[in-house]
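Now for the letters of each chain:
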Amino acid sequence: MFSGIVTECLPCLKVYQESSILRIEFHRPLSFQDLSEGDSICVDGVCLTVEKLSGKEMIFALGPETLKITQWKKKDLKNKIFNLEKALTFHQTLGGHLVTGHVDQVARVSEYHKEGMSVLLNVELPKGFEKFFWKKGYITLNGVSLTVNTISQQILSVCLIPKTLEKTNLSDLKVGDQVNFEVDYFARFFVHGFEHLKSQFK
């Protein structure tokens, strides 16, 4: 589990293609020196396993399902800036909301509008996902925990405060870009539970 509070924002240094697997390599920052091989890291919202570590680098493998959901391509990944977060431990404060790292799909940026020092970000969700979101609920975009400002049909709006813009790759977005999103775990549980109950009374 993760909190959606990004701790590092790093470029991908290398991309390796091996059959259906893509491996991505990052510089290993000081804040990640306590990592071990097999640990989980949230990379732009995707829970990935640390496959290999050295003093300076860390490598992750992207399987077919991850590549299908995120629509990541080898040509687009090198030098791309990613949001990274280490997995939560029991003694940590939960600053955002519980994030599983199991990305649902990608959303398209439909508006990116500066309002003073903040940014109004609108994304268009795939059809059928709007039922999982409501005003003041949570959404995870590229691994960042955000509060829903408004939701109208498939258009969801959030506000990016200066700290978010400073610490994450959401500051680099433009209209037409795609972002990984994850439905709030508790919202999913609530909606599925409610739909199950409705089906019992039909």
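Definitions and limits used
- Residues numbered from 1 in each chain as written.
- Predicted model: local features only at pLDDT ≥ 70, side-chain atom pairs only at ≥ 80, totals over all residues.
- Heavy atoms only, no water.
- Pairing = 2+ DSSP bridges.
- Helix = DSSP H or I, 4+ residues; strand = E, 2+ residues; numbered from the N terminus.
- Axes fitted to C-alpha atoms, helices over the stretch in contact; angles between N-to-C directions.
- Core = buried A, V, L, I, M, F, W, Y, C linked by side-chain atoms within 4.5 Å.
- Buried < 20%, exposed > 50% of the residue type's maximum accessible area, 1.4 Å probe, protein only.
- Contact = heavy atoms within 4.5 Å.
- Polar contact = N/O pair within 3.5 Å; in protein donor to acceptor, adjacent residues only side chain to side chain.

### Section: the sheet that holds strand β3 (residues 21–27)
The antiparallel open sheet is built from 7 strands, whose spatial order is β1-β7-β4-β5-β6-β3-β2. Strands at the two margins of the open sheet, each flanked by one partner only, are β1 (8–11) and β2 (14–18). The mean inter-strand angle of the sheet, taken between neighbouring strand axes irrespective of direction, is 40 degrees. Both β1 and strand β7 (residues 81–86) contribute to a ladder of 4 bridges, which runs antiparallel. The partner of L10 across the bridge, within β7, is F82.

### Describing the nonpolar core
The biggest cluster of nonpolar side chains holds 26 residues, and the ones touching the most others in it are V123, L125, F133, I139, L141 and F181. When contributions to this core are tallied by element, the ones reaching two or more residues are β8 (105–115), β9 (118–124), β10 (138–141), β11 (144–152), β12 (155–160), β13 (178–183) and α4 (185–200). With sequence-adjacent residues up to four places away left out, F133 is seen in contact with L125, Y138, I139, V148, I151, L156, F181 and V183. The next biggest cluster of nonpolar side chains, apart from the first, holds 23 residues, and it includes L10, L48, M58 and L67.

### Thoughts on the side chain of T168
Examined against the element boundaries, T168 turns out to sit in the loop between α3 (162–167) and β13. In this structure the side chain of T168 is engaged in a polar contact, spanning 2.7 Å, whose partner is the backbone oxygen of T164. Within the local environment of T168, its side chain forms a polar contact with the backbone nitrogen of L170, the two atoms lying 3.2 Å apart. With sequence-adjacent residues up to four places away left out, T168 is seen in contact with V6, C9, N83 and V144.

### Considering the pairing of strand β5 (residues 46–53)
Two faces belong to every sheet, and in a regular strand the side chains alternate between them. By the bridge criterion, 4 bridges tie strand β4 (residues 40–43) to β5 in an arrangement that is antiparallel. Among the inter-strand pairings, C42 is bridged to a residue of β5, identified as C47. Taking the residues that link successive antiparallel strands as the turn, the β4-β5 hairpin has 2 residues, and the phi of D44 there is positive, at about 50 degrees. Of the pairings in the sheet, the one linking β5 to strand β6 (residues 57–62) comprises 3 bridges and is antiparallel in character. Across the sheet, residue V50 finds its bridge partner in β6, namely F60.

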